[in-house]
Structures are given as structure tokens and as C-alpha cells.
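Listed below, chain by chain, are the residues.
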Amino acid sequence: MLHYDIVVIGFGKAGKTLAAKFASIGKKTALIERSQSMYGGTCINIGCIPTKTLLVAAEHNLSFDQVLAQKEAVVQRLNKKNYVTLQDKGVDIFDAEAHFVSNKVLEMVAGNDRQEITAETIIINTGATSTILPIPGLATSKYVYDSTGIQQLSELPETLGILGGGNIGLEFAGLYNTLGSKVTVLDASDVFLPRVEPSIAQLAKQYLSEDGITLLQNVRTTEIKNQGQKVLVVTEGETYSFDALLYATGRKPNIAPLQLENTDIQLSDRGAIKVNKHCETSVPGVFAVGDVNGGPQFTYVSLDDARIVYHYITGAGDYTLEHRKQIPNTLFITPPLSQIGMTEAQAKEAKLPYSVKEIPVAQMPRGHVNNQLRGAFKVVVNTDTKEILGATIFSDGSQEIINIITVAMDNHIPYTYFQHQLFTHPTLAENLNDVFDI
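Residues numbered from 1 in each chain as written. Predicted model: local features only at pLDDT ≥ 70, side-chain atom pairs only at ≥ 80, totals over all residues. Heavy atoms only, no water.

**A word on the packing of aromatic side chains**
Counting across every chain of the model gives twelve aromatic pairs. Measuring from ring centre to ring centre gives 5.5 Å for F11 and Y39, while their planes differ by 50 degrees; the resulting arrangement is tilted. Of the two residues, F11 is situated in the loop between β1 (2-9) and α1 (13-24) and Y39 in the loop between β2 (29-33) and α2 (42-45); the sequence distance between them amounts to 28 residues. Consider the rings of F418 and F423, whose centres lie 6.5 Å apart with planes at 5 degrees: the pair is stacked. Looking at F423, the relative accessible area reads 23%, which means it is partly exposed. Members of the aromatic cluster, connected to one another through ring pairs, are Y417, F418, F423 and F436. When the ring centre of Y310 is taken as origin, the NZ or CZ atom of K21, which lies over that ring, is 4.9 Å away. A cation sits over an aromatic face here: K28 above Y4, 4.7 Å from the ring centre. (Phe/Tyr/Trp six-rings, centres within 6.5 Å; stacked < 30°, edge-to-face > 60°. Helix = DSSP H or I, 4+ residues; strand = E, 2+ residues; numbered from the N terminus. Buried < 20%, exposed > 50% of the residue type's maximum accessible area, 1.4 Å probe, protein only. Lys NZ or Arg CZ within 6 Å of the ring centre and 35° of its normal.)

Here is the structure:
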């Protein structure tokens, strides 16, 4: 049996960060990853980086083959860089699938090779996997893909159906629409972007529709099947025919390969690994970080989990899940839609003294400079405490601007501060002067 100080299962953001940090301070560290194509984790190989690379390439009017080639070049470069970085730090990397034999003993399986490994500290970082709804034919029909498979197509589908109107579905809708596919989004929800300010969500729907994407709400899918070279989506209303179908109906913690039934590790009702404020499971010394612990499925949250575990194991323990503050997010459609904190409806429901202001990008000088007049800024503030309750930024660069507001909220900077803040001109960020002038 192999003995280590630290064993990390999975090459994701939190796992690779912790492996590098512990190896750097002299801990004997191993990282186990079952697929060489996943060195660096989901974000680099099949998530944020390739999808955004595809979108940028598509916006530069490259051909489908050129777009795929550019994506592949970026992924391969970062994949290799991640492997070399950990190797240079002294981390032992095992190409194998790991499962628990007992609380602190893992078995690594690589083909016919099996090897047990143990450590004082084990960190589970196995991420999430696509949720397959129990729709007849979804798992067995041809030309049906999840968010990973849809990136591997060798030819651009003339028609693309997308099940699900959440972040993943809408981002791929925008991407493939830009590439030239005729895209139809079939969403079971009766409300488009239900967690977004209604006025902003309506703008987003308008823009996506103007760009040629068909958005259908309240669609109940009853069966998926093939007809020749097509995939058919049978709904309660009618049947739709596509060259390819993407199902983007959520992701769930990837725990099946771990064989947690051999341990005392407890799961939540939603199938995530239960953790305490230090991201430690019900087995002392075993931690779960990233998507597998049921937290928000963002790379930057996974990185924050890594900070929490590192602080705890190295003895400080002064930063925990209880200290985590606001979590911004961005939906990468055109333009990007970014949010943080409360919506107006949530502030009203909480019976807080609040005020709101919304300004269209068409009133902003930089919008005219860019010839990009789509979008709006909306903020919600507490009129008593002067704190920012929430913001929705729907414009070019919103993914950057939202971080300014995050810093302000985390540090309790009153919204009135922005009324007099000096911003460079002409920029979109300078419009925070006006939108916070409530």
C-alpha cells in the first residue's frame, strides 16, 4: 500500500490548487485523475475555457473547423500546462480511477492494474456530471449530446435543439447560433430566466429572439427518438426534428465512482457529499471540495473551497464557509448578463427598505462608442443602511464590472460612494456613478 500525507481525487480547480500548495510546503502529495483529457479539471477542458474560446472564435467569423481548431489548441495548451505545473511542484500524478475501500483507504484502478493508497488527508474533487432526465429515449437515441459531447461534433448541425433554458443551454444556444445553426430552445419552465430581474430577463429574451434563436417555454418533453438521420423531440404539444440535440438539464455531484458506501461519508438529500464549515466530511480528515459538495457550481467557488481547506489543515482555520460572502455570476450570452445579491422582488419579500434604479445601455456614452446599445444596469439598495443589496449588469464587460460591485458589497461600502467615485472615460463602468445616484 502506498502512503502519502495528502491524496487528492480529481484534477479540478480546488484539487490541483491544494495539491500544489501542500507539495510546496513539503507534504508528500498524490493526485489521482482517471482521464488524461481532464488534467486541469472541467473548467479548462470541457467547461468555461473551451466554451468561451469557441464563442470568441465564432464572433470573429471563423469557419466551424477553424473555431474547433482554436478551441482544441487552447485546451491542449492549458491541459499540458496544468500537468507540468503539478509535476514540477513534486506532486505524484496517478492516471487511474479511485474508489474507497474504507474511510482512509483508496484503490486505484488503471486497466488491469490495482493499487491501494492511503493518506492522513484525502480530498475529494470529482466535480459534477450531466443530469439525464428520465425521458424515454434520451439516453439511447443517436445525435443526442451533453455539454461535453456537443463540443466534439465534427460538423456543424444545420438545426440544433436544446433541452433546458438555464445558463448552459442558453450559452450553447448563442454559440451555435453565431456559428450558423438554426437553434431552438425547449424549456420546461414557464418563466424565462426566473432568477433574473424580470425587466432584464425580458430584454435578454428579446435579444436572443432577434438574433434568430427560437425560445419556447412550458414545453413538456415526453419522448426522444430517431427518424433516419434526425433526432425527434416529442412533446405534449408537437414533435420537433433536429440534426442534433443538446440536453442541458442540470448537473449533479459526481459520486458514483467513489463507492462511498464503503465509508462513513454522509450524503445530502440531493446526492452531494455533506461537509461542515471547513469542507470536511463526516469522516475526519476527508474533505470534499468543488461541485461534489453541493455548493454553487462555479470554478471560483471551487477555488474558495481550496482556500478554506488549506487554512484549516495548516492550522489557521480562520476562513470557513460561514465567511463566504456574495457570489457573483455571469451568463455568457450577448451581451453578458451578470448578477450579484438580491433582486427587487427578493428585497420586497424580505420587507427591507429599498430603492431601485435601472438605466439602459443606450443612454451610456460608451455604448454608442462601441455601437452596442443593448442591455441595462439595475441596482437595488437599502435606503436605511445605504448598503447595496443587489445588482444586475447586462452589457458588454458586465463580467468585469460585477466584480467592482462585489468588492463594495463584501466590504460594506455604501452605494452613495459610487456617486462620487472617479472612473475613466469613456467606459461602461463609469455609469455606476449614475445608476447608484438614487
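**Points about the sheet that holds strand β19 (residues 337-341)**
Backbone hydrogen bonds hold the strands of a sheet together, and the pairing may be parallel or antiparallel. Strand order in this open sheet of five strands is β18-β19-β22-β21-β20, and the pairing throughout is antiparallel. In this open sheet, the two edge strands, each paired with only one partner strand, are β18 (329-331) and β20 (354-360). Direction aside, the axes of adjacent strands within the sheet are offset by 10 degrees on average. Note that β18 and β19 share three bridges and pair antiparallel. (Pairing = 2+ DSSP bridges. Axes fitted to C-alpha atoms, helices over the stretch in contact; angles between N-to-C directions.)

**Here we look at the side chain of Q339**
The topology assignment puts Q339 in strand β19. Exposure remark for Q339: the relative accessible area of 13% places this residue in the buried category. Residue contacts for Q339: discarding those within four places in its chain leaves R195, V196, E197, I327, P328, N329, A391, T392 and I402. (Contact = heavy atoms within 4.5 Å.)

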